[in-house]
Amino acid sequence: MFFSGSLTNRRKVLYEGKAKTIFEGPEPGTVIQYFKDDATAGNGAKHDIIAGKGVLNNRISAHLMTRLEGMGIPTHFLKCLNMREQLIRQVEIIPLEVVVRNVAAGSLVKKLGMKEGQVLNYPLIEFYYKKDELNDPMVSENHILNMGWADPYELEEIVSLAWRVNDYLSGLFSGIGIRLVDFKLEFGRLYGEYDEVYILLADEISPDNCRLWDEKTNEKLDKDRFRQDLGGLIEAYQDIAKRLGLIPDSGIIQGGNIDEQIAASLGEIENELAKERKLRSINKSSPTKPWK
Ligand code: ADP
Ligand code: AIR
Ligand code: ASP
């Protein structure tokens, strides 16, 4: 049996999202993030269930958040509980989607008539107001301050963290033959003992919210495979997991259902996970990280 047993059956749902469910956590200040197999696009207009997607996103996001944390970027991630769930710090989500782009694609191409694949002169940051009813409209820094979605200090911190995430992840993906075209981040507020605010990277970082192209072939290895009906989404996500070293090169272990196959393959590198946890506990004891 590959699953340590879902903890979520007995827990209260705090929020039912399109791709994830947030459950009450075991301790105050924590919640459980459950990764579903639902794939949506166009704010839910297009929907499908893609078996195994949640397992892969849970693992990929846990890995990337751990690596970012290792670089001193504060994140909400605490630990993986099982193949679909992770324990995270509960934060007050800042209602912004922070998009960083290195290469023109997606809505930038549509909006400005650029050629897909055109390398930008330098990375571009964009903000969208996170509001499904309004279709997440693009907003300026001025809107953010004017509406009070974040204060100037918070915004400065968000921008600085977004650049650092881009620098680090661009290098990490380049090392495995992948171009980080663009991605979307969410941030949240964690209140300290004296009501001081720490900004943490929240939500997920996975092929659901990054555009990842093979450096040599430009093959799309992300959710655009679903958005553009290209097929082969799971194979693409598995390729990312494999290149990140989360699935052995020999591939997915056969037998059982797709969850079990992916879980078994990921289980083979349990040692690596243990190493990551050790790294995290060292980081946690660091006095330079007051949010821990
Ligand atoms: P959506 O809300 O767009 O349908 P998801 O299906 O990904 O998105 O749902 C996950 C929800 O959980 C998102 O609304 C996200 O803002 C929120 N969230 C992510 N991380 C945290 C966190 N650490 N604390 C509280 N909420 C979070
Ligand atoms: N994104 C934006 N909203 C939801 C998501 N997942 C991500 C996309 C893409 C980047 O933000 O996955 O990586 C820019 O998206 P777009 O559609 O504005 O080009
Ligand atoms: N996340 C949005 C949706 O689920 C937009 C997208 O990813 O295309 O509809």
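Residues numbered from 1 in each chain as written. Chains lettered and ligands numbered in written order. Predicted model: local features only at pLDDT ≥ 70, side-chain atom pairs only at ≥ 80, totals over all residues.

A. Up close: helix α6 (residues 233-243). Buried within α6 we find Leu233, Ala236, Tyr237, Gln238, Ile240 and Ala241. Residues of α6 that are buried in the fold lie against α1 (53-70), β14 (210-214) and α5 (224-227). Immediately beyond the C-terminal end of α6, within one or two residues, lies Gly245, with a positive phi of roughly 85 degrees. (Buried ≥ 20, exposed ≤ 12 C-beta atoms within 10 Å, placed from the backbone. Helix = DSSP H or I, 4+ residues; strand = E, 2+ residues; numbered from the N terminus. Contact = placed C-beta atoms within 7 Å.)

B. Here's a closer look at the pairing of strand β9 (residues 96-103). Most of β9 is tucked away: seven of the eight residues are buried. Both β9 and strand β12 (residues 178-191) contribute to a ladder of four bridges, which runs antiparallel. Across the sheet, the residue bridging to Val100 is Phe183, located in β12. (Pairing = 2+ DSSP bridges.)

C. Representation of the sheet that holds strand β7 (residues 85-89) in the model. Read across the sheet, five strands follow the order β1-β2-β3-β7-β6 without closing on themselves; strand pairing throughout is antiparallel. Whereas interior strands pair on both sides, the edge strands pair on one side only; in this sheet they are β1 (13-16) and β6 (77-80). Taken pair by pair, the neighbouring strands of this sheet meet at an average axis angle of 25 degrees, ignoring direction. As paired elements, strand β2 (residues 20-24) and strand β3 (residues 30-35) share five bridges and run antiparallel to each other. Each residue of the ladder has a partner; that of Lys20, found in β3, is Phe35. (Axes fitted to C-alpha atoms, helices over the stretch in contact; angles between N-to-C directions.)

D. Representation of the site of ligand 2 within the structure. Taken together, 14 residues are adjacent to ligand 2, and Gly106, Ser107, Lys184, Asn209 and Arg211 come closest. At the level of elements, β9, α2 (106-112), β12 and β14 are the ones that each hand at least two residues to the shell around ligand 2. For the shell around ligand 2, a count of residues per class yields five nonpolar, three polar and six charged. (Near = placed C-beta within 6 Å. Nonpolar A, V, L, I, M, F, W, Y, C, P; charged D, E, K, R; others polar.)

E. Geometry of the site of ligand 3. Taken together, Lys18, Thr40, Ala41, Gly42, Asn43, Gly44, Lys223 and Arg227 form the complete shell of residues around ligand 3. Of the residues assigned to the shell around ligand 3, the class counts are one nonpolar, four polar and three charged.

F. The packing of α1 against α6, seen in detail. Look at α1 against α6: their axes get within 10 Å of each other, and the N-to-C directions meet at 25 degrees. In terms of orientation, α1 lies roughly parallel with respect to α6. As α1 packs across α6, the resulting crossing turns out to be left-handed. Of α6, the residues touching α1 (which contributes Lys53, Leu56, Arg59 and Ile60) are Leu233, Ile234, Tyr237, Gln238, Ile240 and Ala241. Split into classes, the residues belonging to the contact of α1 with α6 amount to seven nonpolar, one polar and two charged. (Parallel < 35°, antiparallel > 145°, perpendicular 65-115°, else oblique. Left-handed = near helix turned anticlockwise from the far one by under 90°.)

The quantities given are spatial measurements derived from coordinates; they are silent on function.
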